[in-house]
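What the coordinates show
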Amino acid sequence: MRLFADLGAWVLNALHRLGRAHLLLLSMLRGFVDMLYRPRLLLDQLFSVGVLTILIVTVAGLFVGMVLGLQGYYILSRFGGETALGLMVAASLVRELGPVLTALLFAGRAGSALTAEIGLMKATEQLSGLEMMAVNPQYRVLAPRFLAGLISVPLLAAIFSVLGVAGGWVVGGGMLGVDEAAFWNGMQDGIDFEDDVINGVIKSLVFGLVCTWIAIFQGYDCVPTSEGVSRATTRTVVHSSLAVLGLDFVLTALMFGE
Amino acid sequence: MTLSRPLRRIARLATWRRNADLFLLPMDNQQATADDVLVKIRGLRFMRGQRAIFDGLDIDIPRGGVTAIMGPSGTGKTTLLKLIGGQLRPDAGTIEVDGQDVHALSTDHLYQLRMRMGMLFQSGALLTDMSVFENVAFPLREHTKLSESMIRKLVLLKLEAVGLRGAHSLMPSELSGGMARRVALARAIALDPMMIMYDEPFTGQDPISMGVLVKLIRELNDAARISSIVVSHDVAETLSIADHAYVISGGKVVEGGTAEQLQHSGGAWTRQFVQGLPDGPVPFHFPAPDLREDLTGGAS
């Protein structure tokens, strides 16, 4: 009996949190209007959420591309298909690895920082202080961060993919001797703008929305103590990562399934 | 330290700004009620889980004075301020501020009412990514269309009033606890509110900072003709500046009256609290089973 009671309480609590998260999302969307008049708020957050994540995305993209080039070459060369290396690297990056890995890196770097920052603002009564100054923190503090995340992730995914292709070329063309023309022509012929690039952009938009939403909600809803902020930060990374991987499967099935 | 000159200047400026109608508030928000009671709390009930923090609380906070709300830690003093400010919603009862039922207001009207309330949080609640100047300027930038030069003058005057004009370029992390509270006080008076709520303003302060805050609260109240609610358990300091005081415990008002009446109260509970006696109606021991039984594990 006790088990059922606990299970019921857990489900009710989860539904309650889900409801609060959706109300927060609606409120942040309403807050977008404010930013038309105060673009400075958005620019500041684009810097801290987006620009400061470029370095980790650049380095990761380069190395992932190099590994793809290396592994792809070893497998393709068994069948004499080295010329398809460019297509393989680009398709893997644009369709899957670019959006997914960028979102995971974003959740680890910017998402955790967002949760910790908002959680600490709550713990130090800064959010309460804003409310008492008749300033809605959901519009003033949360909405610019949300929009910045939404804009940043697709751009970061594009940087990741470009650097990944460059890394694949450095290994394939520069070190392993794959023909330059075949590498680039194969990529141009095989990559479809609508099927591959646009779908990749849609994926990264969805991942950006989900990761930033989770990060902001966890910070805003955390228990305002040092332990509460720490737990919320961990939850942000875990929930975001699982959500990205799960959504990637769903989106891939919808976009590329027969 | 001379506080009265900058405070008088602020009072003059506040009057001018109210007349200039800078905040564009609707007329119903600008009309004060004829009532002398600024905050009227009736039958307040507020629960945290199964525990009643307040159960039938009635309090009147008069206009124009310093009202102290005292009680031991955990009695819900901070919660009461959050209820007055509309940050928490009561389970029953009403809270009227300047004739308006706080919890019946729409969000827009609640925010308009909050523009006329200032609150000094226990931690100061300064925005840590902004300098002292920007913190004090924040409410002015958010709610007015004043020119930069006017904002600068106002901010420097507010900081002068709390003795920290020279610290305007510092960041909150460079301030001591007492300085942070004074900056927060300057920010709380930035919009020339009709009332200021102080949440434990003296906690953790050294004697000098405490003396400064005590003097500031009283002089600010008189010079700017506002109303102050001071929530505290520092009895001597609070009663030294309070015109009226309430002692609350167990979710209800134990006693209310002037500071003098409370200091000479015949009530056992109030006497224990005001004089800081270790035992009395509030027992020294937390409820526990018999000591002998506990030590022997119930063997005897």
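Structure: see above.
What you see is a predicted model; the values in this text were computed from it and never measured.

With respect to the overall build of chain B
A tally of helices and strands in chain B yields 12 helices and 10 strands. Counting the 300 residues in chain B, one finds 50% classified as buried. The contacts of chain B with a sequence gap of at least 6 include a subset with a gap of at least 24, amounting to 65%. Accessible area of chain B: about 14000 Å², with a carbon and sulfur share of 52%.

Here we look at the overall build of chain A
Counting its regular elements, chain A contains nine helices and zero strands. Beginning at the N terminus, the succession of helices and strands in chain A can be written as α-α-α-α-α-α-α-α-α. Along the longest, intermediate and shortest principal axes, the C-alpha atoms of chain A span 65 × 55 × 35 Å. Looking at chain A as a whole, 47% of its 258 residues qualify as buried. For chain A, restricting intrachain contacts to residue pairs at least 6 apart in sequence, the fraction spanning at least 24 positions comes to 85%. The positive charge centre, built from 15 side chains, and the negative charge centre, built from 19, are 14 Å apart in chain A.

Here we look at the pattern of salt bridges
Under the criterion given, the structure shown has 23 salt bridges over all chains. For Arg95 of chain A, the salt bridge goes to Asp196 of chain A, with nearest N and O atoms at 2.6 Å. Taken together, the residues span a long stretch of sequence, with Arg95 of chain A in helix 4 (residues 85-123) and Asp196 of chain A in helix 8 (residues 193-220) at a distance of 101 residues. Assessed through its relative accessible area of 33%, Arg95 of chain A is described here as partly exposed. By relative accessible area, which is 4% here, Asp196 of chain A ends up buried. The closest approach of N and O atoms between Lys77 of chain B and Glu200 of chain B, which form a salt bridge, is 3.6 Å. A residue pair is termed long-range when its members are at least 10 positions apart, and Lys77 of chain B in helix 3 (residues 77-84) and Glu200 of chain B in the loop between strand 7 (195-199) and helix 8 (207-223) qualify at 123 residues.

Overview of empty space enclosed by the protein
Per the stated rule, a full pass over the model turns up two cavities of 30 Å³ or more. Reported here for the largest cavity is a volume of approximately 130 Å³. At the level of secondary structure, the elements contributing two or more residues to the lining of the largest cavity comprise helix 5 (126-132) of chain A together with strand 6 (117-120) and helix 7 (177-188) of chain B. The element that contributes the greatest number of residues to the lining of the largest cavity is strand 6 of chain B, accounting for three residues. Classifying every residue of the lining of the largest cavity gives 10 nonpolar, two polar and two charged.

A closer look at the nonpolar core
Soluble globular proteins: nonpolar side chains tend toward being buried together. Counting 55 residues, the largest nonpolar core has Leu130, Leu142 and Ile216 of chain A as its most contacted members. Ignoring sequence-local partners within four residues, the contact set of Leu130 of chain A consists of Val135, Pro137 and Val141 of chain A together with Leu127 and Phe138 of chain B. Judged by nonpolar contacts, the second largest core, of 43 residues, contains Leu159, Leu164, Ala180 and Ala190 of chain B.

Quick notes on the sheet that holds strand 4 (residues 92-97) of chain B
The strands that make up a sheet are held in pairs by hydrogen bonds between backbone atoms, and each pair lies either parallel or antiparallel. Residues and elements named next belong to chain B. Judged by pairing direction, the sheet is antiparallel, and its four strands sit side by side in the order 2-1-4-5 without closing on themselves. In the strand order of this sheet, the two ends are held by strand 2 (51-62) and strand 5 (100-101), each with one partner. Pairing of strand 4 with strand 5 involves two bridges; the strand directions are antiparallel. Within strand 5, the position partnered with Glu96 by the bridge is Asp101.

Let's talk about the sheet that holds strand 3 (residues 66-70) of chain B
Residues and elements named next belong to chain B. Ordered in space as 6-7-8-3-9-10, the six strands form an open sheet in which the pairing is mixed. Of all the strands in the sheet, just strand 6 and strand 10 (252-257) have a single pairing partner and so form its edges. For this sheet, the mean angle separating the axes of adjacent strands, direction not counted, is 15°. As judged from the five bridges shared by strand 7 and strand 8 (residues 227-232), these two strands associate in the parallel manner. Of the residues in strand 8, the one forming a bridge with Ile196 is Ser228.

A short note on unusual backbone geometry
The residue Glu125 of chain A is not glycine, and still its phi comes out positive at about 65°. By secondary structure assignment, the location of Glu125 of chain A is in the loop between helix 4 and helix 5. Positioned with a positive phi, Asp192 of chain B is a non-glycine residue whose angle comes to about 50°.

With respect to the layout of surface pockets
In this approach a probe as big as a water molecule rolls over the atoms, and the regions it shows empty are the leftover space. Taken as a whole, the second largest pocket holds about 540 Å³ of empty space. Forming the boundary of the second largest pocket are 22 residues, of which Leu41, Gln45 and Arg140 of chain A together with Asp129 and Met130 of chain B lie nearest the centre. Elements supplying a minimum of two residues to the lining of the second largest pocket: helix 2 (39-50), helix 4, helix 5 and helix 6 (137-175) of chain A. Looking at the lining of the second largest pocket element by element, the count peaks at five residues for helix 2 of chain A. Partitioned by chemical class, the residues of the lining of the second largest pocket number 11 nonpolar, four polar and seven charged.

Description of the interface of chain B and chain A
Of the residues lining the interface, 22 residues belong to chain B; the matching set on chain A comes to 16 residues. Between chain B and chain A lies a buried interface of about 1600 Å² when both sides are counted; carbon and sulfur atoms form 56% of it. Here chain B is connected to chain A by two salt bridges. Here Arg38 of chain A makes a salt bridge to Glu142 of chain B, at a shortest N to O gap of 2.4 Å. In this structure, the connection of chain B to chain A is made through 10 residue pairs in polar contact (both at pLDDT 80 or more). At the level of secondary structure, the elements contributing two or more residues to the side of chain B that touches chain A comprise helix 4 (107-114), strand 6 and helix 5 (132-143) of chain B. Per-element tally for the side of chain B that touches chain A: the top contributor is helix 5 of chain B, with four residues.

Observations regarding helix 11 (residues 268-275) of chain B
At 3.6 residues per turn, the α-helix brings residues three or four places apart onto the same side. All names here are of chain B. Here helix 11 has its buried residues at Trp269, Thr270, Gln272, Phe273 and Val274. Elements in contact with the buried residues of helix 11: strand 3, helix 9 (235-241), strand 9 (244-249), strand 10 and helix 10 (259-263). Count one or two residues on from helix 11 and you reach Gly276, which has phi positive near 65°.

The rules behind these values
Residues numbered from 1 in each chain as written. Chains lettered and ligands numbered in written order. Predicted model: local features only at pLDDT ≥ 70, side-chain atom pairs only at ≥ 80, totals over all residues. Heavy atoms only, no water. Helix = DSSP H or I, 4+ residues; strand = E, 2+ residues; numbered from the N terminus. Buried < 20%, exposed > 50% of the residue type's maximum accessible area, 1.4 Å probe, protein only. Contact = heavy atoms within 4.5 Å. Areas by Shrake-Rupley, 256 points an atom, 1.4 Å probe, with all protein chains shown as cover. Lys, Arg positive; Asp, Glu negative; His and termini not counted. Charge placed at Lys NZ, Arg CZ, Asp CG, Glu CD. Salt bridge = Lys/Arg side-chain N within 4 Å of Asp/Glu carboxyl O. 1 Å grid on protein atoms, 1.4 Å probe; cavity = no way out; pocket = protein on both sides within 12 Å on 5 of 7 lines; lining within 4 Å. Points joined across faces, edges and corners; volume = space filled by probe spheres on them. Nonpolar A, V, L, I, M, F, W, Y, C, P; charged D, E, K, R; others polar. Core = buried A, V, L, I, M, F, W, Y, C linked by side-chain atoms within 4.5 Å. Pairing = 2+ DSSP bridges. Axes fitted to C-alpha atoms, helices over the stretch in contact; angles between N-to-C directions. Buried area = accessible area lost by both parts, 1.4 Å probe. Polar contact = N/O pair within 3.5 Å; in protein donor to acceptor, adjacent residues only side chain to side chain.

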